[in-house]
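A look at the structure
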Amino acid sequence: MSANVTAIPVASSEPVLVADGVSIQFGGLKALTDFHLSIRQGDLLGLIGPNGAGKSTAFNVLTGVYQPTQGVVRVGGTQVNGRKPHQINLLGVARTFQNIRLFRALSALDNVKVACRAQTALHQSSLSVGSKLRNAAHNYADWWRSLLLTPGFQREERRLTEQAEHLLDVMGLSHRRDEEARNLPYGEQRRLEIARALGSQPRVLLLDEPAAGMNTREKADLMVLIRKLRDDFNLGVLVIEHDMKLVMGICERITVLDHGETIARGAPAEVRSDRKVIEAYLGDSYLESHGGAA
Amino acid sequence: EKKTQPTPSGEAGTQAAQGQAASPGGGTPASADTILLGQVGALTGGQATFGISTRNGIELALKEANAAGGVNGKKLAIRVYDNQSKPEEAAQAATRLITQDKVVLILGDVASSNSLAMAEKAQAAGVPMITPSSTNTTVTEKGDYIFRVCFIDPFQGFVMAKFAREDLKLGKVAVLQDNKSAYSIDLSGVFTRKFTEMGGKIATTESYSQGDTDYRAQLTAIKKTQPDGIYVPGYYSEVGVIARQAREVGLKVPLMGGDGWDSEKLFELGGSAISGSYFSNHYSPDNPDPRVQKFIADYKAAYGGVPDALAALGYDAARVAIEALKRAKDLSGPSVRDAIAQTKDFPGVAGTVTLDEKRNAVKSAVVLKVGDGKTQYVTTINP
Amino acid sequence: MSEAQVKTLGERQAFAPLLTVEGIKVHYGAIQALKGVSLTVGKGEVVALIGANGAGKTSTLRAVSGMLKASAGKIRFGGQDTTSLKAHQLVPRGMAHAPEGRGIFPNMSVLENLELGAYLRRDTAEVKTDMEKSFTLFPVLKERRTQMAGTLSGGEQQMLAIARALLSRPQLLLLDEPSLGLAPQVTETIFRTLREVNQTGVSVLLVEQNAHLALNCAHYGYVLETGEVAMAGPGKALLESAEVRRAYLGE
Amino acid sequence: METPALPIPEARTLVPPSLRGVLPVLIAIPTLVLFQWALSGSDFATYLLSVVGVNIILAVSLNIVNGMTGQFSIGHAGFMAVGAYIAGYCSLQLKEVALSFLPVAASDQVLFTVALLAGGVAAAACGFLVGLPSLRLRGDYLAIVTLGFGEIIRVVVQNTDAFGRALGLSGIPQYSSPGMVFFWVFLVVLAARRIAGSSHGRSLWAIREDEVAAEAMGVDTTGYKVRAFVFSSFFAGIAGGLFAHFVPIINPGSFTFVRSMEIVVMVVLGGLGSTTGAFVAAIFLTLLPEGMRSLFGALGTEGSLAQRVDQIRMPIYGLLLVVLMLARPQGLFGTKEIWDVLPRWLPRKRRGLA
Amino acid sequence: MAQLLQHLINGLAAGTIYALVALGYTMVYGVLKLINFAHGDVMMVGVYMGYATAFAIGREARGSFLGIAAVFAVAMLGCALMGFLIERFAYRPLREKPRLTALITAIGISFALSYGFQLDIGFLPGASPRAFPEIIEPTEWLIIGDRDVVVWNWQVISFLIAVGLMVGLQYLVFGTRFGRAMRAVSWDHRVAALMGIPTDRVIALTFMLSSGLAAGAGLLYAIKDTSVSPLMGLYVGLKAFVAAVIGGIGHVPGAVVGALVLGLVEEFVVGYAASTWRDAVAFGFLILVLLVKPGGLFGRVAAEKV
Ligand SMILES: Nc1ncnc2c1ncn2[C@@H]1O[C@H](COP(=O)(O)OP(=O)(O)OP(=O)(O)O)[C@@H](O)[C@H]1O
Ligand SMILES: Nc1ncnc2c1ncn2[C@@H]1O[C@H](COP(=O)(O)OP(=O)(O)OP(=O)(O)O)[C@@H](O)[C@H]1O
Ligand SMILES: [Mg+2]
Ligand SMILES: [Mg+2]
């Protein structure tokens, strides 16, 4: 099955990304235990928890950076345990990083185009030898097309450029089109990372602390932006964030981790008033300053 | 389908030569009354000492010739280029000598791969080339412009096999060859063949790489086979150390080798361990011939130290060239080539040079015994 | 020197000056990050530096701590001209800098990181007690003593960076966005600690995105805009100013 | 504003898209024929230009792995050796063969091309093998594997009778001409530029910048690294084949690790990732020793110093490398190309343009 | 059996020398992440310094303890100074620059030294190998059977020195303040400076230590194999570098173990298989090790947290 992502029917009620009882251990440290999650397109979910709770680790497991020691990750119904991150990305899962990881010497446009490019690649639908060979043949043939500058290739390049420009525009970065990524201010780098992730035309977008390093005003803008992206691109979005205003403000459901374990899950209001969450994460003062339940 | 092979034959080469090297009518860019020769040799890298010895020998010969009035009133000069012991550098340097410096003749390198690379260029351009000390047979097979003033590997291998079998009466000999050197591999091959033909036995063949300094592994392996002698056709730069380490692991049998051994440094590197070993060579400094003794004295005065075979051969090659230049009717490639080809009974310090139809010198070889700080003449073996 | 028009709100509490920065400029290649920044930090004072992304807050701290060489201007610290001193020469004079991006040593254990904080100190016994103090401040660090710092979570790393900076017993602590990526609770802890530290007489120069927190905590504040000081004033006064509320608090 | 990987300029209306692929070739071939014709009769220039060309191919191809992809290969001479020996061996075997339907010269060139491609493909196959460990190995560890590979190739050749062992292969027909060499130079430069400007090139850049992020954005990093190795070693093999056909002797001593380092130096000096930088640096560093020869040659042929000039060349070369690197640590053009940088070196012009 | 034992001893002796040189590579790499390609050539220069000293003090003085000490002291101090100068002028200006640039200057210095010492002008020694004077008279330390197995005094001395240095350096790196500073500088010298660590001095000292060690290693090597030449640095340097990588470059005991393993592998290939394939097997072994353990025998590929 080598279906193209864009061909998948929009707004399916099928979950796109599913984690089923996922655990991972580093040496003796249980970073994530029995983690369950299910995201559909159009969902806007939050993942919170104290520092070191295992939130980023969860992202890494979902995107194939780490292999779970237990449990199953599924994307669009296919089990993806053992697959490489790029294969999972091609299935429609994109992410940003807690510590910005842009291609620093590349222009903003090229950063996005790198991700756009993925759509022209074949999906490695199975791990069989035949499919691998086919894939390899396709890839080498693709190099030849770009070497020969075939009209088809030129059209493809133009399409990529347009697509990337569009994404820059959406993220309000058009004026930085040709600037090297490392020269962008921090906030714009964060946005560029999101634009890049969108380039791979994901069905699910994972954002790891997108508001970190932003001031209150910028955070407010970001909230609007995330909602807009969800709607315009029909994305499932999962956000890790420590800014409660942001998380509580936009997320429909929230999962709370502590020491790798899921200690609460539910609507913001429920989570916010959960004793365990307050103890482990929010702190009593949060309750004071925000006046308990909404 | 066979095709006529477009190898640079003498005729094609001649035309090229007339177009370039010979066009100024023998004049050189330096000035009209100088004849410029060229040398390509290893001046840097692992084989640098060979190139430098050769250069010294050549330089001495030129100085003498110039002191004696030069060639037909013209002074001789030489340009020396380094080939870093690499064939492509040798080819480049040879090409530069031929086409930029417009030398009338080039003197080649020691290492056969490098001489081969030069020979290709010299032959194609129709510029005569003499290699002083490349003993590999293929070098002069490159064409009729390529000569040598030394004997060839098969002969030298044969000499030592004969000496080992008949004079030293050895039954079982181990071979330790330098795997990076075509010369060493050739000698070891010929020696192995001849020695077994004469009824001897090869105990084992081990190898090392030029530049190594630890041979204990090979020597320990050799020791196990309990040979009567060890044939080490390498260069003195390694042989000296090999001798020391052979003694160290408890091998007391004699070592034998070829002309690559010949250097004053052999005694320094080998210390007392090398004493009592034998090697075949082009000449013996013991030779009482006054010409030889004068050469040795002059060389000592100019460069310090006893000249090795490479210096002697460089000296001979240069003198053969100079004689031929004197005899040649002009300085064009073909004339010089013909003049060199006629070399007969030329009295060199490293034996009498007569060039055969394959442009190789037919010479006898001497066997020397290494003593304390000097070599000692043992015997002469004729082809 | 293009001294900007600095809008000053309110009177500054009197502190004996510890750090004085006069018109420093910093360049990264062709980019000019600081165009003449002047500020002072008094003994025992907490000073906040706020501003949008790329305003030059980090660059200011780097220039002060000697990580960067200012191309113009003067820096005086503890009564000495330190403009041309290198970073490692400033540490023994009482400067500690917890840099942006935390700058922990990932391939060393938590404990070793802390020990590096006390690199110049010879009073082993007191280092021990100081270390115990930081463990009570940040209990996670005690738990993770032997873990490689690189595998700590982001927040844990930030705590480590601060704890390490304190271990040199500085007179002036430079903190670059200490709340970055921290859970709300931890952020509070850190600011509480900051106040405690300040109580012991340590001056703090604090760069923060969370203007609310920072200005609440600070005696005095500066607002940086594109490499220049645009506004200055006591923390509370800035917090109440309409411009700051609009630009940095999103109100 | 420049970007490191210059995207294919869009909407260049002058040339129809269907032609853009082949246009450079159409221009190059007659140019090279002219070039070849202009050179005929000057053997030294011919030889030197061939060496320069081969080094350009080596540097530009290595730049694909070291510069664009950010991997660190120091075994390029090994791939060159594979190409040289395979192509040389083929030509020696085919020496007596002629294609009856072609004139001898044309037939030779056809056979030569076949031999070259055989060498290139063999080298590419080796590149594939060497690229595979990049799955697991990073940075310096990958580098040492490439170095080890190069050394293994050398030992294999040295022990293979068919390859002439230490003596090497000699008598290889001298088919290489500067025209041919520069045709391949042209091909490798064009290919490198087109790769750099394509989505593949961007993926390579991405790997160089941040492998984790590239992987997360759907770039098959291992696949790309292997392909970069294959591509780069193919051209190294071609360079080896060309080399073998003008020296025309090859022996293991020509493909040592020092040789690999020389190519790395060209790439770094040119600016990692800069194709034109590698190009210019290759020319400069190849001609430098020869230039010193000419310079010293002016001293005349007398005297012991004059005899030693060739010995002094190499230490000077080494010191010069240090000085050059100190003077331009980012390389000649950084990651940019000559047309991005040159205008800035000519300040007056720039102001005029701006 | 005796032969096996002898091979074992030979292999360890060869490995010991690799180990001493590899330690220098590993230290510099540990701090600067720089493959100091000039390391082998610095060693070569050190050997020639020792060579000159040995001649200067004369034949009688050579065998004495003071004589030996003088030879080692001159070579090691001389090299330490040279290491300092090289670092100061060729590497330090490039510290903020891409890592490969320093590698190129290292190559440049390597060329300059190895070719420079081939000149026969002035005090330079010329290209030919020279015999290193016997400063330690070789004596049999242990003889088994009818000289079936011989262990020499210098083999024992070198081995003990290598192991001692390994322990000492390991302690230096992990047990001392200076070592902690080295490791901090190794990760990020800018942040290290914020801890009060004088980074320039730490790096310079590391270089001097590594260069001094190289000289010492070179002298032991020269005592063992008696032949010294301008190219010795290239050959030994490459092998020692391989050894350091096998052990996990940057890892002190790893360098020693890797070197001993490499020495043994080479020895046994020559002794029991085909001597012509020695280098291929050595590198094949290296590649094999790396494929199984991508960070070398002891090294860890730094865990990168995403
Ligand atoms: N590669 C690794 N090796 C060892 N431990 C790890 C590794 N990656 C993460 N950990 C540990 O797993 C735990 C969870 O880390 P994680 O980064 O997922 O936390 P987090 O919830 O994202 O925290 P933060 O909000 O601070 O970013 C931490 O204690 C961390 O030390
Ligand atoms: N290493 C660098 N190279 C080039 N430009 C830089 C570098 N570091 C900072 N800059 C530029 O200098 C300016 C000031 O940067 P600085 O990091 O000081 O800002 P900041 O106020 O700390 O911002 P942030 O809130 O994003 O941390 C910015 O325009 C930035 O792009
Ligand atoms: Mg995290
Ligand atoms: Mg900042």
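Relevant structure appears above.
For the structure given in this document, a descriptive report is provided here. (Residues numbered from 1 in each chain as written. Chains lettered and ligands numbered in written order. Predicted model: local features only at pLDDT ≥ 70, side-chain atom pairs only at ≥ 80, totals over all residues. Heavy atoms only, no water.)

Further remarks concern the overall build of chain C. For chain C, the count of helices and strands is 10 helices and 11 strands. Taken against the 2.2 N^0.38 rule, which gives 18 Å for 251 residues, the C-alpha radius of gyration of chain C at 18 Å falls within 12% of a compact globule. Projected onto the principal axes, the alpha-carbon positions of chain C cover approximately 50 × 40 × 35 Å. Expressed as a percentage of the 251 residues in chain C, the buried residues total 58%. Across chain C, every contact between residues at least 6 apart in sequence was considered, and the portion connecting residues at least 24 apart equals 68%. Of the roughly 9800 Å² of accessible surface on chain C, 52% is carried by carbon and sulfur atoms. For chain C, the distance from the average site of its 27 positive side-chain charges to the average site of its 24 negative ones is 4 Å. (Helix = DSSP H or I, 4+ residues; strand = E, 2+ residues; numbered from the N terminus. Rg over C-alpha atoms; globule rule 2.2 N^0.38 Å. Buried < 20%, exposed > 50% of the residue type's maximum accessible area, 1.4 Å probe, protein only. Contact = heavy atoms within 4.5 Å. Areas by Shrake-Rupley, 256 points an atom, 1.4 Å probe, with all protein chains shown as cover. Lys, Arg positive; Asp, Glu negative; His and termini not counted. Charge placed at Lys NZ, Arg CZ, Asp CG, Glu CD.)

So, on to the site of ligand 2. Neighbouring ligand 2 are 16 residues; Gly54, Lys57, Thr58, Ser59 and Glu100 of chain C lie closest to it. Per-site note: the chains with residues close to ligand 2 are chains A and C. Within the contact set of ligand 2, an oxygen atom lies 2.8 Å away from a backbone nitrogen or oxygen of glycine 56 of chain C. One of the side-chain N or O atoms of threonine 58 of chain C is found 2.5 Å from an oxygen atom in ligand 2. For ligand 2, whose unbound accessible area comes to 630 Å², protein coverage reaches 77%. Mapped onto the shell around ligand 2, the elements with two or more residues apiece are β3 (31-42) and α1 (57-65) of chain C. If one sorts the elements of the shell around ligand 2 by residue count, α1 of chain C sits on top with three residues. (Near = heavy atom within 4 Å. Polar contact = N/O pair within 3.5 Å; in protein donor to acceptor, adjacent residues only side chain to side chain.)

Inspection of the secondary structure puts isoleucine 109 of chain E in helix α4 (residues 99-116). On a C-alpha basis, the gap between isoleucine 109 of chain E and tryptophan 141 of chain E in space is 40 Å, while along the polypeptide they are 32 residues apart. For isoleucine 109 of chain E, the contacting residues outside a window of four places in its chain are Val322 of chain D together with Ala38, Ile86 and Ala90 of chain E.

Turning our attention to the pairing of strand β13 (residues 365-370) of chain B. Both faces of the sheet carry side chains from a regular strand, because those side chains alternate between them. All names here are of chain B. Of all six residues in β13, five are buried, a share of seventy percent or more. Pairing of strand β10 (residues 278-281) with β13 involves four bridges; the strand directions are antiparallel. Its bridge partner being in β13, serine 280 is matched across the sheet by valine 367. Here β13 pairs with strand β14 (residues 375-381) via six bridges, running antiparallel. Residue pairing for β14: leucine 368 is matched across the bridge by tyrosine 377. Taken together, β13 and the strand that follows it, β14, pair antiparallel across an intervening segment of four residues, in which glycine 373 is found at a positive phi of about 80°. (Pairing = 2+ DSSP bridges.)

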